[in-house]
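Below are the chains, spelled out letter by letter.
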Amino acid sequence: MVEQASSLTGASVSACSESAGGALAQPTAHSVSSVGHAVTPGPILLLGAPGVGKGTQARELMRLWAIPQISTGDLLRANVSQGTELGLAAKEIMQCGNLVPDDLVNRMVAIRLAQPDTLNGFILDGFPRTLPQAHWLDAELAVRPGALPIVAVSLQVDYNLLLRRITGRRNCPVCQRIYNVFLQPPQRDGFCDVDGAALVQRADDTETCFQGRIGNYQSLTAPVIEHYRAQGRFAEVHGDREVAAVAAEVISAVERMRSGA
Ligand code: AMP
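Rules behind the numbers
- Residues numbered from 1 in each chain as written.
- Predicted model: local features only at pLDDT ≥ 70, side-chain atom pairs only at ≥ 80, totals over all residues.
- Heavy atoms only, no water.
- Helix = DSSP H or I, 4+ residues; strand = E, 2+ residues; numbered from the N terminus.
- Polar contact = N/O pair within 3.5 Å; in protein donor to acceptor, adjacent residues only side chain to side chain.
- Contact = heavy atoms within 4.5 Å.
- Pairing = 2+ DSSP bridges.
- Axes fitted to C-alpha atoms, helices over the stretch in contact; angles between N-to-C directions.
- Core = buried A, V, L, I, M, F, W, Y, C linked by side-chain atoms within 4.5 Å.
- Buried < 20%, exposed > 50% of the residue type's maximum accessible area, 1.4 Å probe, protein only.
- Domains from an automatic or database assignment.
- Near = heavy atom within 4 Å.
- Areas by Shrake-Rupley, 256 points an atom, 1.4 Å probe, with all protein chains shown as cover.

What to know about the side chain of Asn-216
For step 1, the next point in the chain: Its place among the elements puts Asn-216 in helix H8 (residues 207–230).
For step 2, the next point in the chain: At a separation of 3.2 Å, a polar atom in the side chain of Asn-216 contacts the main-chain carbonyl oxygen of Gly-97.
For step 3, the next point in the chain: Residue contacts for Asn-216: discarding those within four places in its chain leaves Gly-97, Asn-98, Leu-99 and Thr-221.

A closer look at the sheet that holds strand S2 (residues 69–71)
For step 1, the next point in the chain: The strand order S2-S3-S1-S4-S7 describes an open sheet built from 5 strands, whose pairing is parallel. One side of each edge strand has no neighbouring strand; the edge strands of this open sheet are S2 and strand S7 (234–238). The average angle at which neighbouring strand axes cross in this sheet is 20°, direction not considered.
For step 2, the next point in the chain: Across 5 bridges, the pairing between strand S4 (residues 151–156) and S7 is parallel. By the bridge assignment, Val-153 is partnered in S7 with Ala-235.
For step 3, the next point in the chain: Sheet strands in contact with helix H2 (residues 54–65) are strand S1 (42–47), S2, strand S3 (121–125) and S4, and its direction is about 160° off that of S1.

As for the nonpolar core
For step 1, the next point in the chain: If you look at the biggest cluster of nonpolar residues, it comprises 57 residues, and the most contacted ones within it are Trp-65, Leu-137, Tyr-228 and Val-250.
For step 2, the next point in the chain: Structurally, this core is a two-domain feature, drawing no fewer than three residues from each of domain 1 (7–68 + 119–168 + 205–259) and domain 2 (72–114).
For step 3, the next point in the chain: Those residues in contact with Val-250, other than ones at most four positions away along the chain, are Leu-46, Gln-57, Leu-61, Val-153, Leu-155 and Val-237.
For step 4, the next point in the chain: Counting residues in each nonpolar core, the second largest holds 5 residues, with Cys-172, Tyr-179, Cys-192 and Leu-199 among its members.

Concerning the site of the ligand
For step 1, the next point in the chain: Within the structure, the ligand sits among 18 residues, and Thr-72, Arg-77, Asn-98, Gly-126 and Gln-133 are positioned closest to it.
For step 2, the next point in the chain: Arg-129 has a polar side-chain atom sitting 3.0 Å from a nitrogen atom of the ligand.
For step 3, the next point in the chain: Here an oxygen atom of the ligand sits 3.0 Å away from a polar atom, N or O, in the side chain of Arg-202.
For step 4, the next point in the chain: For the ligand, the accessible surface in isolation is 480 Å², of which the surrounding protein chains cover 99%.
For step 5, the next point in the chain: Among the elements that line the shell around the ligand, the one with the most residues is helix H3 (residues 72–81), at 4 residues.

Take a look at the structure:
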């Protein structure tokens, strides 16, 4: 399985991952550009509930610092769609947003982190999601030669907006563009503006699944936030603003934490 996963882990590194639900999914014209270049970013964790905008912000940081976005959701979905052993094991579990076992996800992340494009840093989006995953990651990075310490940014968005972002999200299966039927609808209902493909909704983006995902988040992932808060090098950023405004704050938080201020 490791070999199969290995061949897939590079496939979707910079592909779309969880977006903020459409309104925030596309880069803005006045996106970040003039700050942050001087910093060696190192390992960055983007933490927060489903729909908070981790994927969107990860792509902003990726563009600025030329480091990979590593979305465990994307990597798992790639494994599912390619029918790998990992994908077969994960498929049912992911159907409504339950968490894939730690050892499977950790192994997948280990393979991805071993790729050379992670040397100057990387953005983890959707990982760690449990305390055992966090402890595993801490131990893994501790033995990585020359690795900078982790910096963690937790994004926060009001529950009702999260619900709209998740349940309104629609994806183009062809170009991967993300829309939101409430916040950023396509020009023609149900079809992609770019290529006219019929938009699809992720099976776990329904309201019922959202409740379960938030429940998992509160019981399993919220302790991860406390773990990194307690370690220092931790910042909280409000995600209910324009992409560029949120990104500017995330970037200055990372720079501040990297400079030890
Ligand atoms: P996401 O795209 O981040 O919402 O992830 C989609 C789904 O993949 C989640 O609902 C989980 O089923 C699974 N998943 C993603 N990341 C993890 C993780 N770190 N641990 C366990 N399961 C995960």
